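One-letter residues, chain by chain:
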Amino acid sequence: MQGIDFNAVDRTGAGEPIITSRMAGILICYGLYYSKKKILRIRVFFGLLGFLIVVLTGTRTLFLSFTVLILISSFIDFRYLKFRLLGRRTKKRLLLYITLSLLIILSFKFNIFSFSEELLGRFYNSFTLLNNHTSDNSTMERLDQWYSSLEILFSHPFFGIGLGGFGFYYYGYDLRLYPHNIFLEVIAEGGLIAFILLLYFLFTIWKSFKTNIKKYRIPEYLVKFIFSLLFIGVLTSFSSLEFPNQFVLFNAISLVLAINGFQYKTLIFNSSIIKR
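Everything numeric in this text was worked out from a predicted model, so none of it was measured.

**Some thoughts on the packing of aromatic side chains**
With the rule as written, the count across this model stands at 16 aromatic pairs. With centroids separated by 6.5 Å and ring planes inclined at 85 degrees, the aromatic side chains of Phe183 and Phe195 adopt a geometry described as edge-to-face. Among the residues examined, Phe195 registers a relative accessible area of 18% and is labelled buried. Three or more aromatic residues link up through ring pairs in this structure, and these residues are Tyr30, Tyr34, Phe45, Phe46, Tyr221 and Phe225.

This is how it looks when you write it as structure tokens:
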């Protein structure tokens with residue numbers, strides 16, 4: 001059985017494997033958390049399709065982000081977005097997730113799907129960082145770019161070096177380049193002032209989302225789906241893509257704002273009917 005034709009230069013994803021994997025991430029969020037029983041088969045199909053695309057694109061950030069999301073979501077009561085103690089249902093979910101994770105790890109370890117060495121190597125090389133040894137150039141390059149972003153922070157702390165200036169700082173000439181971390185990108189190019197504004201914006205979105213869950217009784221399956229998009233959007237933004245391409249995060253924010261507006265208009269409409 002031949003391995004999948006995959007190499008680190010020409011990766012699956014029509015020239016943009018990371019962006020393709022983010023689209024697949026939305027499918028996985030839909031499959032895992034848009035928990036309507038009537039569409040279970042559709043969810044399973046799109047969830048498995050998304051997982052396959054993530055594997056074929058070799059994007060480790062999304063793979064690890066979902067591992068963290070699944071573990072954390074086991075401890076969240078989505079009716080109120082609060083952490084809960086280990087109950088019977090939580091223990092069952094944790095056992096199921098751990099079992100599935102072990103099966104996935106074993107499938108990679110023994111290569112039962114006959115993936116190519118290039119594909120498996122992308123996942124393995126990330127963990128060799130623990131031994132201060134890796135052949136993964138992309139990982140080392142991103143670490144160096146993060147270090148350069150912190151250098152910019154100390155040399156231009158308040159206003160940064162200007163939008164689009166990171167490539168010029170890093171290479172010495174004008175080139176589209178970014179540190180694969182939107183928070184470091186904002187710090188480097190906009191300084192601490194832009195960084196604080198970004199954090200305030202994200203905090204406001206989260207606070208309004210959490211408040212309106214109770215206020216408007218948003219369905220739990222929708223809360224789970226939006227939460228998963230927000231979580232994956234923020235977590236993946238720490239290690240890949242630049243600010244304009246963080247569409248998973250921006251889509252989640254748009255959903256929160258859309259729900260806020262829709263529920264507010266519904267409340268006003270219902271109030272006007274009651275007055276009549």
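**Comments concerning the side chain of Glu189**
Residue placement: Glu189 occurs in helix α8 (residues 182–216). In this structure Glu189 is buried but unpaired, with Arg176 as the nearest side chain of opposite charge at 9.7 Å. Of the polar contacts made by the side chain of Glu189, one reaches the backbone nitrogen of Gly164; its length is 3.0 Å. Look past the residues within four positions of Glu189 in its chain and what remains in contact with it is Phe159, Gly160, Ile161, Gly162, Leu163, Gly164, Gly165, Phe166 and Leu177.

**Brief notes about the packing of helix α1 (residues 17–33) against helix α2 (residues 40–57)**
Where α1 contacts α2, the axes come no closer than 7 Å and their chain directions differ by 155 degrees. The angle between the axes of α1 and α2 places the two elements in the roughly antiparallel class. As for how α1 packs across α2, the hand of that crossing is left-handed. Within the contact between the two elements, α1 uses Pro17, Thr20, Ser21, Ala24, Leu27, Ile28, Tyr30, Gly31 and Leu32 and α2 uses Ile42, Arg43, Phe46, Gly47, Leu49, Gly50, Phe51, Ile53, Val54 and Thr57.

**Some thoughts on a nonpolar patch on the surface**
A surface patch of nonpolar side chains, amounting to about 370 Å² of accessible area, comprises Leu96, Leu100, Leu103 and Leu106. Looking at where Leu96 falls in the secondary structure, it is placed in helix α4 (residues 88–109).

**Topic: the packing of α1 against helix α3 (residues 60–73)**
In contact at an axis separation of 11 Å, α1 and α3 are set at 20 degrees when each is read in the N-to-C sense. In terms of orientation, α1 lies roughly parallel with respect to α3. As for how α1 packs across α3, the hand of that crossing is right-handed. Within the contact between the two elements, α1 uses Ser21, Arg22, Gly25, Ile28, Cys29, Leu32 and Tyr33 and α3 uses Thr61, Leu62, Phe66, Leu69, Ile70 and Ser73.

Procedures and definitions
- Residues numbered from 1 in each chain as written.
- Predicted model: local features only at pLDDT ≥ 70, side-chain atom pairs only at ≥ 80, totals over all residues.
- Heavy atoms only, no water.
- Phe/Tyr/Trp six-rings, centres within 6.5 Å; stacked < 30°, edge-to-face > 60°.
- Buried < 20%, exposed > 50% of the residue type's maximum accessible area, 1.4 Å probe, protein only.
- Helix = DSSP H or I, 4+ residues; strand = E, 2+ residues; numbered from the N terminus.
- Lys, Arg positive; Asp, Glu negative; His and termini not counted.
- Salt bridge = Lys/Arg side-chain N within 4 Å of Asp/Glu carboxyl O.
- Polar contact = N/O pair within 3.5 Å; in protein donor to acceptor, adjacent residues only side chain to side chain.
- Contact = heavy atoms within 4.5 Å.
- Axes fitted to C-alpha atoms, helices over the stretch in contact; angles between N-to-C directions.
- Parallel < 35°, antiparallel > 145°, perpendicular 65-115°, else oblique.
- Left-handed = near helix turned anticlockwise from the far one by under 90°.
- Patch = residues over 30% accessible without salt bridge, like charges linked within 9 Å, V, L, I, M, F, W, Y side chains within 5 Å.
- Areas by Shrake-Rupley, 256 points an atom, 1.4 Å probe, with all protein chains shown as cover.

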